[in-house]
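Read off the chains here:
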Amino acid sequence: MKLCRFNDNRVGLVEGDRVRDVTQALDVLPAVRYPLPGYDPLIANLEAVCKRVAALAPQSESLSLSDVKLLSPVANPGKVVAAPVNYQKHLDEVRIDPALHQGNAAHTAAINQIGLFLKATSSVVGPGEGVALRMLDRRNDHEVELAFVIGKTASQVKAAEAMDYVAAYCIGLDITIRGGEDRSFRKSPDSYCVLGPWLVTRDDIPNPGALDLSISVNGQMRQSSNTRYMILDVPQLIEFASSFYTLRPGDIVITGTPEGVSPIVPGDHIAARIEKIGMMELDVRAY
Ligand code: MN
(Lines give C-alpha, C1' and ligand atoms only; values in the text may rest on other atoms or scores of the structure.)
Protein backbone atom coordinates (compact mmCIF):
# COMPACT_ATOMS: atom_id res chain seq x y z
CA MET A 1 0.00 0.00 0.00
CA LYS A 2 1.21 3.52 -0.87
CA LEU A 3 0.26 6.15 1.70
CA CYS A 4 0.96 9.86 1.43
CA ARG A 5 0.35 13.03 3.43
CA PHE A 6 -0.72 15.98 1.33
CA ASN A 7 -2.07 19.54 1.30
CA ASP A 8 -3.28 20.50 4.78
CA ASN A 9 -2.33 17.22 6.54
CA ARG A 10 -4.66 15.06 4.47
CA VAL A 11 -3.89 11.32 4.28
CA GLY A 12 -3.92 9.77 0.83
CA LEU A 13 -3.93 6.34 -0.75
CA VAL A 14 -1.84 6.50 -3.92
CA GLU A 15 -3.16 4.53 -6.92
CA GLY A 16 -1.15 5.13 -10.08
CA ASP A 17 -1.28 8.86 -10.80
CA ARG A 18 -4.32 9.37 -8.53
CA VAL A 19 -4.70 9.80 -4.80
CA ARG A 20 -7.73 8.90 -2.68
CA ASP A 21 -8.40 11.20 0.27
CA VAL A 22 -8.67 8.70 3.15
CA THR A 23 -8.02 11.17 5.97
CA GLN A 24 -10.96 9.70 7.87
CA ALA A 25 -8.82 6.63 8.59
CA LEU A 26 -7.08 8.72 11.26
CA ASP A 27 -10.18 8.09 13.40
CA VAL A 28 -8.68 4.72 14.37
CA LEU A 29 -5.80 6.42 16.20
CA PRO A 30 -6.03 6.55 20.00
CA ALA A 31 -6.51 9.99 21.57
CA VAL A 32 -3.27 11.40 23.00
CA ARG A 33 -2.74 13.54 26.08
CA TYR A 34 0.22 15.55 27.27
CA PRO A 35 3.01 14.54 27.44
CA LEU A 36 2.74 13.49 23.81
CA PRO A 37 4.28 10.11 22.94
CA GLY A 38 7.88 10.12 21.72
CA TYR A 39 6.90 8.33 18.55
CA ASP A 40 4.62 8.79 15.54
CA PRO A 41 1.11 7.52 16.41
CA LEU A 42 0.14 6.83 12.78
CA ILE A 43 3.17 4.60 12.21
CA ALA A 44 2.68 2.91 15.61
CA ASN A 45 -0.85 1.97 14.46
CA LEU A 46 -0.07 1.51 10.78
CA GLU A 47 -1.74 -1.86 10.43
CA ALA A 48 -5.07 -0.59 11.78
CA VAL A 49 -4.79 2.56 9.66
CA CYS A 50 -4.14 0.55 6.49
CA LYS A 51 -7.13 -1.68 7.19
CA ARG A 52 -9.37 1.37 7.57
CA VAL A 53 -7.84 2.98 4.46
CA ALA A 54 -8.69 -0.10 2.39
CA ALA A 55 -12.29 -0.02 3.64
CA LEU A 56 -12.70 3.71 3.00
CA ALA A 57 -10.94 3.91 -0.37
CA PRO A 58 -13.71 2.86 -2.79
CA GLN A 59 -16.02 5.68 -1.69
CA SER A 60 -13.28 8.29 -1.10
CA GLU A 61 -12.67 11.33 -3.31
CA SER A 62 -10.04 10.72 -6.00
CA LEU A 63 -7.64 13.53 -6.92
CA SER A 64 -4.87 13.83 -9.47
CA LEU A 65 -1.48 13.44 -7.78
CA SER A 66 -0.21 16.35 -9.85
CA ASP A 67 -2.75 18.64 -8.15
CA VAL A 68 -1.68 17.97 -4.54
CA LYS A 69 1.20 19.22 -2.43
CA LEU A 70 3.06 16.22 -1.02
CA LEU A 71 4.35 16.53 2.55
CA SER A 72 6.70 14.21 4.42
CA PRO A 73 4.80 10.92 4.70
CA VAL A 74 5.85 10.67 8.36
CA ALA A 75 4.55 13.69 10.28
CA ASN A 76 6.38 13.24 13.58
CA PRO A 77 9.62 11.28 13.28
CA GLY A 78 11.32 11.06 16.68
CA LYS A 79 14.71 11.04 15.01
CA VAL A 80 16.36 10.71 11.64
CA VAL A 81 19.28 8.27 11.81
CA ALA A 82 21.65 8.47 8.87
CA ALA A 83 24.36 6.21 7.51
CA PRO A 84 27.44 8.07 6.24
CA VAL A 85 29.42 6.65 3.31
CA ASN A 86 27.54 3.34 3.07
CA TYR A 87 28.43 2.64 -0.58
CA GLN A 88 32.04 1.75 -1.36
CA LYS A 89 32.16 3.74 -4.64
CA HIS A 90 30.89 6.86 -2.84
CA LEU A 91 33.59 6.40 -0.19
CA ASP A 92 36.14 6.08 -3.02
CA GLU A 93 35.01 9.33 -4.66
CA VAL A 94 35.08 11.20 -1.33
CA ARG A 95 38.61 9.97 -0.60
CA ILE A 96 40.05 11.33 -3.86
CA ASP A 97 38.18 14.67 -4.02
CA PRO A 98 39.19 17.47 -1.63
CA ALA A 99 35.92 19.29 -2.43
CA LEU A 100 34.13 16.37 -0.80
CA HIS A 101 36.42 15.36 2.08
CA GLN A 102 37.63 18.88 3.03
CA GLY A 103 40.76 17.39 4.55
CA ASN A 104 38.69 15.93 7.38
CA ALA A 105 39.62 12.34 8.31
CA ALA A 106 36.10 11.75 9.66
CA HIS A 107 34.82 12.20 6.10
CA THR A 108 36.93 9.42 4.64
CA ALA A 109 36.57 6.64 7.22
CA ALA A 110 34.36 3.60 6.70
CA ILE A 111 30.95 3.41 8.37
CA ASN A 112 32.06 0.79 10.90
CA GLN A 113 34.68 3.23 12.22
CA ILE A 114 32.69 6.47 12.29
CA GLY A 115 29.25 5.14 13.15
CA LEU A 116 25.97 6.85 12.37
CA PHE A 117 24.80 10.45 12.62
CA LEU A 118 21.51 12.24 13.25
CA LYS A 119 19.72 14.85 11.19
CA ALA A 120 17.47 17.33 13.02
CA THR A 121 13.79 16.46 12.69
CA SER A 122 13.18 20.14 11.84
CA SER A 123 15.05 19.50 8.58
CA VAL A 124 12.32 17.13 7.34
CA VAL A 125 10.06 18.25 4.48
CA GLY A 126 8.07 16.62 1.70
CA PRO A 127 8.75 17.10 -2.01
CA GLY A 128 5.90 19.60 -2.33
CA GLU A 129 7.79 21.95 -0.01
CA GLY A 130 11.06 21.84 -1.97
CA VAL A 131 14.60 22.52 -0.76
CA ALA A 132 15.75 25.98 0.37
CA LEU A 133 19.55 26.19 0.12
CA ARG A 134 21.67 28.13 2.59
CA MET A 135 25.34 29.15 2.40
CA LEU A 136 25.25 29.64 -1.36
CA ASP A 137 28.96 30.48 -1.33
CA ARG A 138 29.57 26.82 -0.43
CA ARG A 139 28.86 23.65 -2.37
CA ASN A 140 25.43 22.11 -1.64
CA ASP A 141 25.01 18.50 -2.85
CA HIS A 142 22.17 16.08 -3.43
CA GLU A 143 22.36 12.58 -1.95
CA VAL A 144 19.64 10.11 -2.93
CA GLU A 145 19.07 7.36 -0.37
CA LEU A 146 16.68 4.56 0.41
CA ALA A 147 14.83 5.57 3.60
CA PHE A 148 12.97 3.22 5.86
CA VAL A 149 10.57 3.80 8.72
CA ILE A 150 10.75 1.90 12.01
CA GLY A 151 7.41 0.28 12.90
CA LYS A 152 7.89 -0.82 16.50
CA THR A 153 10.22 -0.12 19.39
CA ALA A 154 13.63 -1.65 18.72
CA SER A 155 16.54 -1.95 21.10
CA GLN A 156 19.49 -4.36 20.76
CA VAL A 157 17.83 -6.05 17.79
CA LYS A 158 19.88 -8.61 15.88
CA ALA A 159 20.02 -8.44 12.09
CA ALA A 160 18.28 -11.80 11.75
CA GLU A 161 15.13 -10.39 13.41
CA ALA A 162 15.50 -6.83 12.18
CA MET A 163 13.07 -6.88 9.25
CA ASP A 164 10.17 -7.32 11.71
CA TYR A 165 10.85 -3.76 12.86
CA VAL A 166 10.46 -2.11 9.46
CA ALA A 167 7.08 -0.52 8.74
CA ALA A 168 7.63 1.07 5.34
CA TYR A 169 10.01 2.62 2.83
CA CYS A 170 10.30 5.93 1.00
CA ILE A 171 12.88 7.99 -0.87
CA GLY A 172 15.18 10.18 1.21
CA LEU A 173 17.31 13.11 0.07
CA ASP A 174 20.19 13.89 2.41
CA ILE A 175 20.99 17.43 1.26
CA THR A 176 24.49 18.40 2.33
CA ILE A 177 26.56 21.57 2.63
CA ARG A 178 30.19 20.61 1.97
CA GLY A 179 32.66 21.82 4.55
CA GLY A 180 34.62 20.93 7.63
CA GLU A 181 31.86 21.09 10.23
CA ASP A 182 30.16 18.13 11.83
CA ARG A 183 27.69 16.26 9.62
CA SER A 184 24.78 16.95 11.97
CA PHE A 185 25.39 20.69 11.41
CA ARG A 186 25.89 20.71 7.64
CA LYS A 187 23.04 18.31 6.90
CA SER A 188 20.34 19.68 9.19
CA PRO A 189 19.15 23.10 8.01
CA ASP A 190 15.38 23.29 7.43
CA SER A 191 14.41 21.33 4.28
CA TYR A 192 17.72 19.42 4.07
CA CYS A 193 15.92 16.10 4.63
CA VAL A 194 13.33 15.45 1.94
CA LEU A 195 11.15 12.37 2.50
CA GLY A 196 8.62 11.08 0.03
CA PRO A 197 6.86 10.95 -2.23
CA TRP A 198 4.85 8.46 -0.13
CA LEU A 199 5.30 5.44 2.12
CA VAL A 200 5.35 1.99 0.58
CA THR A 201 4.46 -0.57 3.23
CA ARG A 202 6.92 -3.35 3.97
CA ASP A 203 4.79 -6.09 2.36
CA ASP A 204 5.20 -4.43 -1.06
CA ILE A 205 9.02 -4.52 -0.90
CA PRO A 206 10.10 -8.01 0.15
CA ASN A 207 13.79 -7.30 -0.52
CA PRO A 208 15.06 -3.73 0.09
CA GLY A 209 18.55 -4.93 -0.84
CA ALA A 210 17.94 -5.10 -4.59
CA LEU A 211 16.39 -1.78 -5.63
CA ASP A 212 17.60 0.49 -8.41
CA LEU A 213 17.92 4.08 -7.20
CA SER A 214 18.79 7.21 -9.14
CA ILE A 215 18.56 10.97 -9.19
CA SER A 216 18.58 13.44 -12.05
CA VAL A 217 18.92 17.22 -11.94
CA ASN A 218 17.33 19.26 -14.74
CA GLY A 219 16.94 16.02 -16.69
CA GLN A 220 20.60 15.02 -16.37
CA MET A 221 21.36 11.74 -14.56
CA ARG A 222 23.70 12.28 -11.60
CA GLN A 223 23.51 9.14 -9.44
CA SER A 224 22.39 5.69 -10.53
CA SER A 225 23.04 2.56 -8.52
CA ASN A 226 21.35 -0.30 -6.68
CA THR A 227 20.83 -0.88 -2.96
CA ARG A 228 22.70 -4.19 -3.28
CA TYR A 229 25.90 -2.13 -3.11
CA MET A 230 25.24 -0.87 0.43
CA ILE A 231 28.09 -1.77 2.81
CA LEU A 232 25.66 -2.30 5.72
CA ASP A 233 22.27 -3.50 4.47
CA VAL A 234 18.90 -2.69 6.06
CA PRO A 235 18.99 -5.45 8.73
CA GLN A 236 22.61 -4.64 9.62
CA LEU A 237 21.78 -0.94 9.92
CA ILE A 238 18.95 -1.77 12.33
CA GLU A 239 21.28 -3.93 14.42
CA PHE A 240 23.91 -1.16 14.44
CA ALA A 241 21.49 1.70 15.16
CA SER A 242 19.48 -0.17 17.80
CA SER A 243 22.68 -1.07 19.66
CA PHE A 244 23.06 2.66 20.46
CA TYR A 245 19.58 4.21 20.20
CA THR A 246 16.18 2.87 21.09
CA LEU A 247 14.34 3.12 17.78
CA ARG A 248 10.66 4.00 17.99
CA PRO A 249 7.73 3.89 15.56
CA GLY A 250 8.16 6.66 13.01
CA ASP A 251 11.92 6.96 13.42
CA ILE A 252 13.55 7.26 10.00
CA VAL A 253 16.77 5.61 8.86
CA ILE A 254 18.39 6.89 5.68
CA THR A 255 20.79 4.32 4.35
CA GLY A 256 23.58 6.27 2.64
CA THR A 257 24.15 7.42 -0.90
CA PRO A 258 25.91 5.86 -3.89
CA GLU A 259 28.58 7.55 -6.00
CA GLY A 260 27.81 10.57 -8.16
CA VAL A 261 27.01 13.28 -5.59
CA SER A 262 27.17 16.69 -7.21
CA PRO A 263 26.13 20.29 -6.61
CA ILE A 264 22.62 21.73 -6.74
CA VAL A 265 21.77 25.42 -7.00
CA PRO A 266 18.59 27.51 -6.75
CA GLY A 267 16.39 26.97 -9.79
CA ASP A 268 17.28 23.30 -10.18
CA HIS A 269 14.60 20.65 -10.61
CA ILE A 270 15.29 17.26 -9.03
CA ALA A 271 13.75 13.90 -9.92
CA ALA A 272 14.67 10.98 -7.66
CA ARG A 273 13.57 7.40 -8.30
CA ILE A 274 13.66 4.17 -6.35
CA GLU A 275 12.37 0.92 -7.81
CA LYS A 276 9.04 -0.23 -6.27
CA ILE A 277 8.57 3.20 -4.61
CA GLY A 278 8.28 5.59 -7.55
CA MET A 279 9.50 9.03 -8.53
CA MET A 280 9.81 12.11 -6.32
CA GLU A 281 10.14 15.54 -7.96
CA LEU A 282 10.99 18.82 -6.26
CA ASP A 283 12.36 22.28 -6.83
CA VAL A 284 15.44 23.94 -5.34
CA ARG A 285 15.38 27.60 -4.25
CA ALA A 286 17.48 29.96 -2.17
CA TYR A 287 16.59 30.24 1.51
MN1 MN B 1 23.92 10.76 3.11
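Below is a short write-up of the structure. Just so you know, these numbers come straight off a predicted model, no measurement behind them. (Residues numbered from 1 in each chain as written. Predicted model: local features only at pLDDT ≥ 70, side-chain atom pairs only at ≥ 80, totals over all residues. Heavy atoms only, no water.)

### Some thoughts on the coordination of the manganese ion
Then, in step 1: Surrounding the manganese ion are the protein donor atoms Glu143 (OE), Glu145 (OE) and Asp174 (OD), at 2.0 to 2.2 Å.
Then, in step 2: Sequence spacing among the residues donating to the manganese ion works out to E-x1-E-x28-D. Within this pair, whereas Glu145 is found in strand β11 (residues 144-150), its partner Asp174 is found in strand β12 (residues 166-174), the two being separated by 29 residues in sequence. Asp174 shares its class with Glu145; the two are buried. (Donors = N, O, S within 2.8 Å, 3.2 Å for Na, K, Ca; no water. Helix = DSSP H or I, 4+ residues; strand = E, 2+ residues; numbered from the N terminus. Buried < 20%, exposed > 50% of the residue type's maximum accessible area, 1.4 Å probe, protein only.)

### Quick look at the pairing of strand β14 (residues 193-201)
Then, in step 1: Here β14 lies mainly inside the structure; nine of its nine residues are buried.
Then, in step 2: Pairing of strand β8 (residues 124-125) with β14, which is carried by two bridges, proceeds in the parallel orientation. Among the inter-strand pairings, Val125 is bridged to a residue of β14, identified as Val194.
Then, in step 3: With six bridges joining them, β12 and β14 adopt antiparallel strand pairing. Paired with Ala168 across the bridge in β14 is Thr201. (Pairing = 2+ DSSP bridges.)

### Observations regarding the pattern of salt bridges
Then, in step 1: All chains considered together, the criterion is met by eleven salt bridges.
Then, in step 2: As a salt-bridge pair, Asp21 and Arg10 come within 2.9 Å of each other at their nearest N and O atoms. Of this pair, Asp21 sits in strand β3 (residues 18-21) while Arg10 sits in strand β2 (residues 10-15); the two residues are eleven residues apart in sequence, bridging distant segments of the chain.
Then, in step 3: Overall, Asp21 belongs to the buried group, its relative accessible area being 15%.
Then, in step 4: By relative accessible area, which is 34% here, Arg10 ends up partly exposed.
Then, in step 5: Where Glu143 meets Arg178, a salt bridge forms, and the shortest distance between an N and an O atom there is 3.2 Å. (Salt bridge = Lys/Arg side-chain N within 4 Å of Asp/Glu carboxyl O.)

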